[in-house]
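# Coordinates in review
Given next are the chains, with one letter for each unit.
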Amino acid sequence: MFTASEKTTILKIKADVVDKYRLTGTAIASVMDRMVYTGGMFASLLHKEEPRDIDIYVLNSDAEDIKILTKYFLARQNSYRNSYITETFENKKIDKKYQNSPTNPFITEVHEHDLLTFDYVGGTHKKVKYNVIYTSYESPENIVADFDFIHTTMYLYHNIFTLTEEAFRAAQRKKLILNKSGPDAARVKKFLDRGWVAA
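Below is a short write-up of the structure. (Residues numbered from 1 in each chain as written. Predicted model: local features only at pLDDT ≥ 70, side-chain atom pairs only at ≥ 80, totals over all residues. Heavy atoms only, no water.)

### Quick look at the packing of aromatic side chains
Aromatic ring pairs are described here by two measures, namely the spacing of the ring centres and the angle between the planes. A full pass over the atoms with the stated rule returns five aromatic pairs. On the numbers, 5.7 Å between centres and 45 degrees between planes, the contact of Tyr 57 with Phe 147 is tilted. Taken as a pair, Tyr 57 in strand β2 (residues 53-58) and Phe 147 in the loop between α6 (140-144) and β6 (155-157) lie far apart in primary sequence, 90 residues in all. Each of the two residues, Tyr 57 as well as Phe 147, counts as buried. Measuring from centroid to centroid gives 5.4 Å for Phe 149 and Phe 191, while their planes differ by 80 degrees, and the two rings are edge-to-face. (Phe/Tyr/Trp six-rings, centres within 6.5 Å; stacked < 30°, edge-to-face > 60°. Helix = DSSP H or I, 4+ residues; strand = E, 2+ residues; numbered from the N terminus. Buried < 20%, exposed > 50% of the residue type's maximum accessible area, 1.4 Å probe, protein only.)

### A look at the environment of Val 18
Here Val 18 is to be found in helix α1 (residues 4-21). For Val 18, a relative accessible area of 18% translates into the label buried. Considered as a pair, Val 18 and Leu 156 are 138 residues apart in the sequence and their alpha carbons are 8.9 Å apart. Not counting chain neighbours up to four residues away, the residues in contact with Val 18 comprise Leu 156 and Asn 159. (Contact = heavy atoms within 4.5 Å.)

### With respect to the pattern of salt bridges
For the structure shown, the criterion picks out eight salt bridges. Residue Arg 169 pairs with Glu 6 through a salt bridge whose shortest N-O separation is 2.6 Å. Of the two residues, Arg 169 is situated in helix α7 (residues 165-172) and Glu 6 in helix α1; the sequence distance between them amounts to 163 residues. Lys 189 is paired through a salt bridge with Asp 193; the nearest N and O atoms lie 2.7 Å apart. Placement of the pair is Lys 189 and Asp 193 together in helix α8 (residues 185-193), with a separation of four residues, close to one helical turn. You can call Asp 193 exposed: its relative accessible area is 54%. What emerges from the salt-bridge pattern is a single network uniting Glu 6, Glu 165 and Arg 169. (Salt bridge = Lys/Arg side-chain N within 4 Å of Asp/Glu carboxyl O.)

See the structure below:
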């Protein structure tokens, strides 16, 4: 059970994401309803820290979604494309064709977990990296089911903030609790270096 104070905190976290980090605009209207905001950003906001990055999964993605979101970010003031990384390239090498021509990406199909990253400065926050992940998943539940740590499974979708008490407690206590797949050593170290503790 959440206390009254914790419920207030949860509503504040949702408001922060909606007001400061959620992408909006008619240019991305066809994509907005399929965006799932998830990952470690919610734990950062719980501790009143600026998120290191914003993870957005796009449900049922296609190549047109990449073009729409690329144009959207490039039209933002102080925004620039970081890289396009595709699972189809060995060791996730950057697709040089895409890197050299961001407004005409030469992408004809989207592969599971293809990743597009942007650095963006705007609004009331400092520079934040947006990770846009393209996926064939049809629901947020399918996405977070494969996440490594419980605290990363919180998500915002259709303006509804969904979280379990276990995820909230793990984030609150900065405790690394496995969700499903085991993370690699480098990822675990990243959290330990930031003050998290292993369960």
